[in-house]
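Coordinate analysis (summary)
Spelled out, the chains give:
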Amino acid sequence: MKRWLALAWFLGLLALAAPLPQVYDRLEEALKQVRLENPTQALAALDRAQSLLRQESEGLPPVLRDATLLHLQDARQAVLRQSRVDLEARLLLVRHLLGKALYDGFFQAPAGQKAPYLTRLVRATGLPQSLAQGAENLAPEEARRRLEAGYLQLLTEDLGQALSASSRPQAYLALARAYARFLVIQDSPQSTLKAQDFIQALGKVSSGEDFRPSVRDLQEKTLAWRKHLQTLAAPSPMATSAPPPASAQSPTGSPAGKPSTTPPAASPPSPPFLPPFPFSPPPRRTARRLRSRFLPPTPGPAVPRSPRPPPPSLPPPPLLPPPPPPPHPTPHSPLSYPPLTLPPTRHISTSSPPYPLTFS
């Protein structure tokens with residue numbers, strides 16, 4: 001009987017789990033309320049988003065779910081520190097990690113259920129509507145090439161904004177946005193980029209180093225990726241020629257010499273990492289005040305304090321015998337009185353000390 005009850009409870013949980021498009025709608029409503037102007041509302045919205053991901057994340061792979069929860073937690077710290085740059089970068093990664101799940105769900109969904117994934121993908125990642133329109137009616141490979149080309153175009157624009165930025169915060173946000181675009185299409189077999197390339201460039205921006213050579217290298221790799229994608233989309237001149245003669249069948253049943261049309265299994269996405277932006281850190285007093293205001297301590301039972309024991313009494317010092325009386329000098333002795341001596345003169349140095357004076 002207990003086994004049947006456990007099975008019924010498990011099946012009920014599966015029935016209550018909402019599809020990924022509906023989960024994204026609820027997460028999007030929570031993320032819209034995350035603003036530094038109202039820290040209380042922002043922290044409550046981030047808590048709701050974390051609870052939603054933990055309870056209804058059936059459509060998310062574990063790697064994407066854990067990475068999204070990690071960046072939501074980092075967004076909480078950015079709210080407490082009042083760091084606008086870091087908060088915006090974390091929310092960018094959260095939305096694009098959900099966009100990665102929607103992107104994969106679009107190609108895995110049946111033909112009549114692709115539209116909900118595509119509309120949420122446009123909202124989550126900022127993909128132009130003109131590129132996404134009609135993609136659900138295309139063949140899977142053609143739709144993949146179109147969406148991939150759209151993200152590469154956005155990535156190229158973000159890298160250009162990072163190079164032309166007038167300040168490091170602007171460059172950091174533009175580079176973080178480019179990194180988020182890459183996370184959506186990082187499983188492409190035509191990819192010439194790696195997540196570590198973006199992380200190293202972001203680390204140089206954060207540490208104050210020269211980051212522009214790294215961004216130019218990213219631009220060159222992105223251009224090579226786009227050119228390779230264009231050659232795949234171009235019609236082959238052999239397409240109009242006569243078909244080759246039928247060849248012998250291979251032992252597995254596929255024509256010999258013909259590559260398999262089964263797409264390779266996508267490797268799991270690498271967990272994204274984003275170094276925090278360290279510029280213009282808020283004072284510790286502000287962070288401590290916000291933390292004490294919005295993160296109250298957990299109440300617990302009062303622990304009575306035991307009275308402090310009295311200090312142990314010391315034994316009285318031993319009594320010393322009185323000193324012997326001094327010998328009575330003779331009136332004609334030359335040493336009847338001690339010689340008069342002046343105290344030594346205190347030396348006052350007027351030179352500066354060998355160490356700098358510091359004030360706390």
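Above this text you will find the structure in question.
Residues numbered from 1 in each chain as written. Predicted model: local features only at pLDDT ≥ 70, side-chain atom pairs only at ≥ 80, totals over all residues. Heavy atoms only, no water.

Here we come to the environment of L53. Structurally, the position occupied by L53 is in helix 3 (residues 39–55). A C-alpha to C-alpha distance of 8.5 Å links L53 and T68, two positions 15 residues apart in sequence. The residues touching L53, leaving out its near neighbours within four places in the chain, are L27, L60, R65, T68, L69, L72 and L98. (Helix = DSSP H or I, 4+ residues; strand = E, 2+ residues; numbered from the N terminus. Contact = heavy atoms within 4.5 Å.)

The subject of this paragraph is the pattern of salt bridges. Scanning all chains against the criterion turns up 16 salt bridges. The partner of D74 in a salt bridge is R90, and the shortest N-O contact between them spans 3.4 Å. Of this pair, D74 sits in helix 4 (residues 62–81) while R90 is found in helix 5 (residues 84–108), placing the two residues 16 residues apart along the sequence. The class of D74 is partly exposed, set by a relative accessible area of 24%. For K221, the salt bridge goes to D217, with nearest N and O atoms at 3.4 Å. On the criterion of helical spacing, the pair formed by K221 and D217 is a turn pair, its members being four residues apart in helix 11 (residues 212–233). Look at K221 and you get partly exposed, because its relative accessible area is 26%. Salt bridges sharing partners connect three or more residues here, namely D25, E28, R120 and R123. (Salt bridge = Lys/Arg side-chain N within 4 Å of Asp/Glu carboxyl O. Buried < 20%, exposed > 50% of the residue type's maximum accessible area, 1.4 Å probe, protein only.)

As a further point, take the side chain of E56. Within the secondary structure, E56 sits in the loop between helix 3 and helix 4. Within polar-contact distance, the side chain of E56 engages the side chain of R26 at 3.0 Å. (Polar contact = N/O pair within 3.5 Å; in protein donor to acceptor, adjacent residues only side chain to side chain.)

A separate point is the packing of helix 4 against helix 5. Two numbers describe how helix 4 lies on helix 5: the axes approach to 8 Å, and their chain directions differ by 160°. As the angle between them shows, helix 4 and helix 5 are arranged roughly antiparallel. Two packed elements cross with a definite hand, and for helix 4 against helix 5 that hand is left-handed. Here L64, A67, T68, H71, L72, D74, A75, A78, V79 and R81 of helix 4 lie close against helix 5, whose contacting residues are D86, L87, R90, L91, L93, V94, L97, K100 and A101. Class assignment of the residues belonging to the contact of helix 4 with helix 5 gives a composition of 12 nonpolar, two polar and five charged. (Axes fitted to C-alpha atoms, helices over the stretch in contact; angles between N-to-C directions. Parallel < 35°, antiparallel > 145°, perpendicular 65-115°, else oblique. Left-handed = near helix turned anticlockwise from the far one by under 90°. Nonpolar A, V, L, I, M, F, W, Y, C, P; charged D, E, K, R; others polar.)

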